[in-house]
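Report on the structure
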Amino acid sequence: MPRGRPGTLRPAVQRFGLVGLPNSGKSSLFNALTGGDSPVAPYAFTTVDTHVGEAKVADGRLDLVAATSGSAKVTPATVQFSDIGGLASGAARGEGLGNRFLGGIREVDAVVLVLRAFAGEEVEGVDDPLESLLALELELSLADLESLERQVDRKRRQAKGDAAIGPEVERMQRAAAALAAGTPLWRSALPISERELLGPCFLLTNKPVVAVVNIDEEALAAEVEAAVTGVSSALDGAETLAVCARLEAEVAELPETERAEMAASLGLGEGALARLVAASYRALGLRTFFTTAPKETRAWPFAAGSTADVCAGLVHTDFQRGFIRAETIQWAELLEAGSWSAARAAGRLRAEGRSYRVQDGDVLEIRFNV
């Protein structure tokens, strides 16, 4: 069968929600990441609706793998960003359009906290990233507490007729106690195993979290390092990076052929998109495998620890249903061999069964029968 024939069902795109106080720079960051046109202005609630955009995931391995097959088409993975309106104090009680914004956060896979670290008399709002972090965590925790208390009440009534529900109620009560103390679940004392069991509760602070410290273009290196270290420490080591959203957005407006040169001249390195996607992938525990053939080479994100049959299902549901085996090679080995046929002739392809745990950078050819 062809290697990596695209399936009729598109795999789920990872969704990242940009969350911050008014004038934190969320919309500028969104525009930089997606090439979107979210409105930007120096006053609160410029964004009153959730804006959604997609971005390609840069992966230097993809084109190299494609070259081994002479692929006519190269398809990177994509991610989705949501620019969620600024959360004001009282959002958990519905103030400042809070209910609408909180609803947008519930739909994403990971929360990206955008924390302003630049001053400016012409721009309203908080410019201390730690103060912003505490305000956001309080609002999100209160919203989760309100939601969880309603769910606990329902579960208690159900538990009267089903004793097996008792442990679930106790677990929810422990989470509610942490939230009542103003502690978001992402840095609570609850073990990961217990937090995973709270998944059906759809709690905002039970999602993976990444922090972006939005800095001024003239900020000193020591100031940036102190801000990033302080936020990361407050979040118990969560992924934290510094970005100048305004500069990144300006570069994103340029023709694609000019962006790399301008980014280099401004000292932006690989850019906000690549850095944020990498941090978010780590927070979500995502890895990437590839399929390659003359028609198309494609990158496929998958959850770390996934087995070969599950990864086959990302390409096409029939591949998982009728899975026989996956012929596998690491991308660097494939480059050394020069082509798939050369790798096969040299005996470098491995035949793996459905229980094989796919590794980051694996190139797969899936054999199936339905």
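In this report, the structure presented in the accompanying data block is examined. (Residues numbered from 1 in each chain as written. Predicted model: local features only at pLDDT ≥ 70, side-chain atom pairs only at ≥ 80, totals over all residues. Heavy atoms only, no water.)

1. Remarks on the overall build of the protein
Counting its secondary structure elements, the protein contains 14 helices and 12 strands. When each of the 370 residues of the protein is scored for burial, the buried share is 49%. Contacts spanning at least 24 positions in sequence make up 68% of the contacts within the protein whose residues lie at least 6 apart. Approximately 17,200 Å² of the protein is accessible, and the part contributed by carbon and sulfur atoms is 51%. (Helix = DSSP H or I, 4+ residues; strand = E, 2+ residues; numbered from the N terminus. Buried < 20%, exposed > 50% of the residue type's maximum accessible area, 1.4 Å probe, protein only. Contact = heavy atoms within 4.5 Å. Areas by Shrake-Rupley, 256 points an atom, 1.4 Å probe, with all protein chains shown as cover.)

2. Side note on the packing of aromatic side chains
A complete count under the given rule lists four aromatic pairs for this structure. Centre to centre, the rings of F289 and W300 are 6.2 Å apart; their planes meet at 15°, and the pair counts as stacked. You can see F289 sitting in strand 8 (residues 286-292) and its partner W300 sitting in strand 9 (residues 296-303), a full 11 residues away along the chain. The two residues F289 and W300 agree in class, both being buried. Each residue in the set F289, W300 and F302 is aromatic and connected to the rest through ring pairs, giving one cluster. (Phe/Tyr/Trp six-rings, centres within 6.5 Å; stacked < 30°, edge-to-face > 60°.)

3. Examining the packing of helix 4 (residues 129-159) against helix 7 (residues 221-234)
It is the contact of helix 4 with helix 7, at a shortest axis distance of 9 Å, that shows an interaxial angle of 25°. Taken together, the axis directions place helix 4 and helix 7 in an arrangement best described as roughly parallel. Seen from above, helix 4 lies across helix 7 with right-handed handedness. Between helix 4 and helix 7, the residues in contact are P129, L130 and L133 and A227, G230, V231 and A234, respectively. Its residues assigned to classes, the contact of helix 4 with helix 7 comprises six nonpolar, one polar and no charged. (Axes fitted to C-alpha atoms, helices over the stretch in contact; angles between N-to-C directions. Parallel < 35°, antiparallel > 145°, perpendicular 65-115°, else oblique. Left-handed = near helix turned anticlockwise from the far one by under 90°. Nonpolar A, V, L, I, M, F, W, Y, C, P; charged D, E, K, R; others polar.)

4. Digging into the pairing of strand 10 (residues 323-330)
Sheet topology places strand 10 next to strand 12 (residues 362-368); seven bridges connect them, and they run antiparallel. Along strand 12, the bridge assignment pairs I329 with V363. (Pairing = 2+ DSSP bridges.)

Taken by themselves, the reported measurements are silent on function.
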